[in-house]
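# Observations on the three-dimensional arrangement
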Amino acid sequence: MNSKTFNLGITMAGAVSAGAYTAGFMDYLIEVLNNWEEQKISIRKKLKDNKPLIEFEKKIPLHDVSIEALGGASAGGMVSMITALSFYKSFKPVDIPTDQKTGNFLYDSWVLLNDDIAKNITTFEKMLSTDDFDNNPEGIPSLLNSKSIDSIADKVFEFFEENSSGEIMPSYISKDLRILLTLCSLRGIPFELNFKNFSSANFPHTPGHRMNEHMIVAHFKVDHNNKTDQNFYLNFDPFSQESRDLLKLCTKATGAFPLGLAARNFEGVLSPEYVKNCILRNLEIDNKKGIDIKINDPSFDFTCIDGGTINNEPYSEVVQVLESKRPEGDPKKPMSGVIMVDPFPNFYNQDEPGEVENPITSSLFQNNIWKVIPKAYTTFREQVRVKHAGSFYKDYLRLLIFPVKWEQIGVLKDHPPISCASLGGFGGFLNREFRKHDFFLGRDNARNFLRAYCMLEYEPENPHPLFQDIDQSSVEIFGKRTEGKTFLPIIPDINFIEDKANGQSNPFKYTVEDFPKIDNSYFDKIKPALSRRVKKMLTHEINKYFENKWLFRNASKVFRGLITKRITSYVIKTMKKDFQNRKMLD
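All values reported here derive from a predicted model rather than from experimental measurement.

## Looking at the overall build of the chain
A tally of helices and strands in the chain yields 15 helices and 15 strands. Every one of the 586 residues in the chain was classed for burial, and the buried ones make up 52%. Across the chain, contacts joining residues at least 24 apart in sequence account for 77% of those joining residues at least 6 apart. Per element, the accessible surface of the chain, about 28,400 Å² overall, is 52% carbon and sulfur.

Listed below in structure tokens is the structure:
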């Protein structure tokens, strides 16, 4: 391992439509890495040919960064996958908001989504269509129609269906890159820990402690070896039909938001041996001595819902990859670390200034089942954020990037930093302007993060290995002084040199300054479609469960219109209240 290479893992938290923010962060990060790599190639060629460097080139640090793992859940898992796929085609960052297709997987997938711009039909309106269960004997797959989400993933993979090969991955991407997506299996994987009690003729057997694991990590490996990696890792090869089908399935499955979006079925694609090895990795067990994992089927088949349900930030899993590549040495001079991108960090109120009241669970006490049910769901979601894996707490360099929008030092903008947080993360599906705002906030936050926070201390007398041969002009341009110490970036942003020279390095400048709002008339527009979906869902269930009881069926239909009206009114009222609380209702 090169002593001047920093190994990096990136983990991306679930965020529903706020995956637009994460996509924006990754867009800027790749732009910076590409710019830096281009300069280093040119400079190293000059040095090899004993040619002098110009002043600009002397300012460019020459150490390397290697991205070893991309891990995510839900929207974060989808961004992880799309990011990895982006390395196979020519990458053009998007630095100006547009409603036109760009060819950039991250922007087109997360900002344009599946909007029909010509007809002014939003993705959310398409998600109210009923063609997902019309004439479907299996019944209603989810509260919202997931075909639009399927279409987004399908469009990304179309490139690989139409091309037999792609671009060579950039050198800052590990040849052994891992992509890890969390999946939540509704079918438990039974295993038990055996107890070694003293046995006797009267009590010959001691039962083990039996458990069921529901988390499966789809651990893809770019440099996959069928002989040595079979049943340990999954093959990441989007140009192979078999691998591409599994990649697409996992991309959709990790984002299958419970009830809201359709669950996904895994049939005949994961071997029992892979699932067993996956559990041992999850438990951080080197060998299965004392652990009995019971899968007797030729393949482990299951229905999968959103990976964020079980593990919303697969941080520990990314750390495990880093440890396998480069066991950590001196924690004071780390050579590896993890960046976690979290659009909804739970360590502070993301909606400051002005606390946003949850329109459903605002009371401190829940005294009836209708209040307990949503609160219980929130409890489960919060509990899965608690990390029980030991690697989460190890002394690695760990950095967090999250949405923030400053007016000036110490003063936040007078609105929530992220707009897609509305409606529990579903708000971004309603309005493309929300996603534009958050995508470019992700880019702007990435800019500030790389220039001021993603850094290591620089001590001239005892420099970090990355900075041993750094030119003083580089220290002067990129160095950040704080508390009497100097820090240098792990990933230098070459754009900063030009920005600083032109007086354009203001960290409080944002690509999209105005916070987007939704017009009140939009709810009148979607009300008929919402009412139609609710009514059809009720009709479908009434016909299904009272198929042979025409009296009950016809009696139920009498109240169907009233129930539809009340549900529709409640949903619209709740949506409006949330936008109003967030100062997003125009």
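## Remarks on the pattern of salt bridges
Counted according to the given criterion, the structure contains 38 salt bridges. Of the charged contacts in the structure, one is a salt bridge between K413 and E513, with a shortest N-O distance of 3.3 Å. With K413 in the loop between β12 (411-412) and α11 (432-452) and E513 in the loop between α13 (495-501) and α14 (521-545), the pair connects residues that are 100 residues apart, well separated along the chain. We classify K413 as buried; its relative accessible area is 11%. With a shortest N-O distance of 3.6 Å, D444 and R447 are connected by a salt bridge.

## Let's talk about unusual backbone geometry
Although it is not a glycine, N50 adopts a positive phi angle of roughly 60°. Inspection of the secondary structure puts N50 in the loop between α1 (19-48) and α2 (55-58).

## Concerning the pairing of strand β10 (residues 397-401)
Here is the key point about a regular strand: its side chains alternate between the two faces of the sheet. Burial of the side chains of β10 is restricted to one face: L397, L399 and I401 are buried, whereas none of R398 and L400 on the reverse face is. Strand direction decides the pairing type here: strand β9 (residues 336-341) and β10, joined by 5 bridges, are parallel. Bridging across to β10, I339 finds its partner in L399.

## Notes on a nonpolar patch on the surface
Together, V558, F559, I563 and I567 make up a nonpolar patch on the protein surface, roughly 370 Å² of accessible area in all. Relative to the elements of secondary structure, I563 occurs in helix α15 (residues 550-581). For I563, a relative accessible area of 38% gives the class partly exposed.

## Focus: the environment of S171
Residue placement: S171 occurs in the loop between α6 (147-162) and β3 (173-193). Exposure remark for S171: the relative accessible area of 53% places this residue in the exposed category. C-alpha of S171 to C-alpha of S66: the two residues are 105 residues apart in sequence and 7.6 Å apart in space. Only 2.5 Å separates the side chain of S171 from the side chain of E37, close enough to count as a polar contact.

Parameters at a glance
Residues numbered from 1 in each chain as written. Predicted model: local features only at pLDDT ≥ 70, side-chain atom pairs only at ≥ 80, totals over all residues. Heavy atoms only, no water. Helix = DSSP H or I, 4+ residues; strand = E, 2+ residues; numbered from the N terminus. Buried < 20%, exposed > 50% of the residue type's maximum accessible area, 1.4 Å probe, protein only. Contact = heavy atoms within 4.5 Å. Areas by Shrake-Rupley, 256 points an atom, 1.4 Å probe, with all protein chains shown as cover. Salt bridge = Lys/Arg side-chain N within 4 Å of Asp/Glu carboxyl O. Pairing = 2+ DSSP bridges. Patch = residues over 30% accessible without salt bridge, like charges linked within 9 Å, V, L, I, M, F, W, Y side chains within 5 Å. Polar contact = N/O pair within 3.5 Å; in protein donor to acceptor, adjacent residues only side chain to side chain.

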